[in-house]
Amino acid sequence: QVQVVESGGGLVQPGGSLRLSCAASGSIFSYLSMGWYRQAPGKQRELVAQITSGGIIYYADSVKGRFTISRDNAENTMYMQMNNMKPEDTAVYYCRSRVVDTNTRVPYDYWGQGTQVTVSS
């Protein structure tokens, strides 16, 4: 199986910055994409940013120009630099690793435990 571990969450003031990290491990899988989701209380989980193994990047409109996603494919590690943070960025952030089994070619998603990000004065 794939293990996904997130880190880097915390409390930051509006306008401040945080960097989230996600490390995925698993030797029998090929990684198709890694993405960051977030979910605030009472709200739906939303895709914030995603990067594919080929380098294709997606950002939600709400974070364009503020967040930057990157990935080290060799290490299966993903980062998201979050700048100029706003109170509406407050949420639990989850790392999702989309992989395909190298033998069966069946795709599967693995999720991290989540890390709390709070933007408040």
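Computed from a prediction, not measured in an experiment: that's the story for all the values here.

1. With respect to unusual backbone geometry
Line of reasoning, step 1. In this model, Asn84 sits at a positive phi of 50°, which is unusual for a non-glycine residue.
Line of reasoning, step 2. One non-glycine residue with positive phi stands out, namely Arg105, at about 65°.
Line of reasoning, step 3. By secondary structure assignment, the location of Arg105 is in the loop between β9 (91–101) and β10 (107–111).

2. Notes on the nonpolar core
Line of reasoning, step 1. Grouped together as the largest cluster of nonpolar side chains are 31 residues, with contacts concentrated most on Val2, Trp36, Met78, Met80, Met82, Tyr93 and Val117.
Line of reasoning, step 2. Once you skip the residues sitting within four places of it in the chain, Val117 turns out to touch Gly9, Gly10, Leu18, Leu20, Met82, Met85, Asp89, Thr90, Ala91 and Tyr93.

3. Regarding the state of the cysteines
Line of reasoning, step 1. Scanning all chains against the criterion turns up 1 disulfide.
Line of reasoning, step 2. The partner cysteine of Cys22 in its disulfide is Cys95, sulfur to sulfur 1.9 Å. Note on the Cys22 and Cys95 pair: the S-S dihedral is about -75°, so by sign convention the disulfide is left-handed. Here Cys22 is found in strand β3 (residues 18–25), whereas its partner Cys95 is found in strand β9, with 73 residues between them in sequence.

4. Side note on the packing of aromatic side chains
Line of reasoning, step 1. Counted under the stated rule, the structure contains 3 aromatic pairs.
Line of reasoning, step 2. Ring geometry for Tyr37 versus Trp111: centroids 4.9 Å apart, planes at 55°, classification tilted. In this pair, Tyr37 sits in strand β4 (residues 29–39) while Trp111 sits in strand β10, placing the two residues 74 residues apart along the sequence.
Line of reasoning, step 3. For Tyr37, a relative accessible area of 15% gives the class buried.
Line of reasoning, step 4. On the basis of relative accessible area, Trp111 is assigned to the partly exposed category, the value being 36%.

5. Concerning the pattern of salt bridges
Line of reasoning, step 1. For the structure shown, the criterion picks out 5 salt bridges.
Line of reasoning, step 2. Notably, a salt bridge pairs Asp61 with Lys64, separated by 3.1 Å at the nearest N-O pair.
Line of reasoning, step 3. The class of Asp61 is exposed, set by a relative accessible area of 63%.
Line of reasoning, step 4. The class for Lys64 is partly exposed, based on a relative accessible area of 49%.
Line of reasoning, step 5. One salt bridge in this structure joins Arg66 and Asp89, with 2.8 Å as the shortest N-O distance. You can see Arg66 sitting in the loop between β6 (57–59) and β7 (67–72) and its partner Asp89 sitting in the loop between β8 (77–82) and β9, a full 23 residues away along the chain.
Line of reasoning, step 6. In this structure, a network of salt bridges that share partners links the residues Arg38, Glu46, Arg66 and Asp89.

Criteria and cut-off values
- Residues numbered from 1 in each chain as written.
- Predicted model: local features only at pLDDT ≥ 70, side-chain atom pairs only at ≥ 80, totals over all residues.
- Heavy atoms only, no water.
- Helix = DSSP H or I, 4+ residues; strand = E, 2+ residues; numbered from the N terminus.
- Core = buried A, V, L, I, M, F, W, Y, C linked by side-chain atoms within 4.5 Å.
- Buried < 20%, exposed > 50% of the residue type's maximum accessible area, 1.4 Å probe, protein only.
- Contact = heavy atoms within 4.5 Å.
- Disulfide = S-S within 2.5 Å.
- Phe/Tyr/Trp six-rings, centres within 6.5 Å; stacked < 30°, edge-to-face > 60°.
- Salt bridge = Lys/Arg side-chain N within 4 Å of Asp/Glu carboxyl O.

The analysis is restricted to geometry; functional conclusions fall outside its scope.
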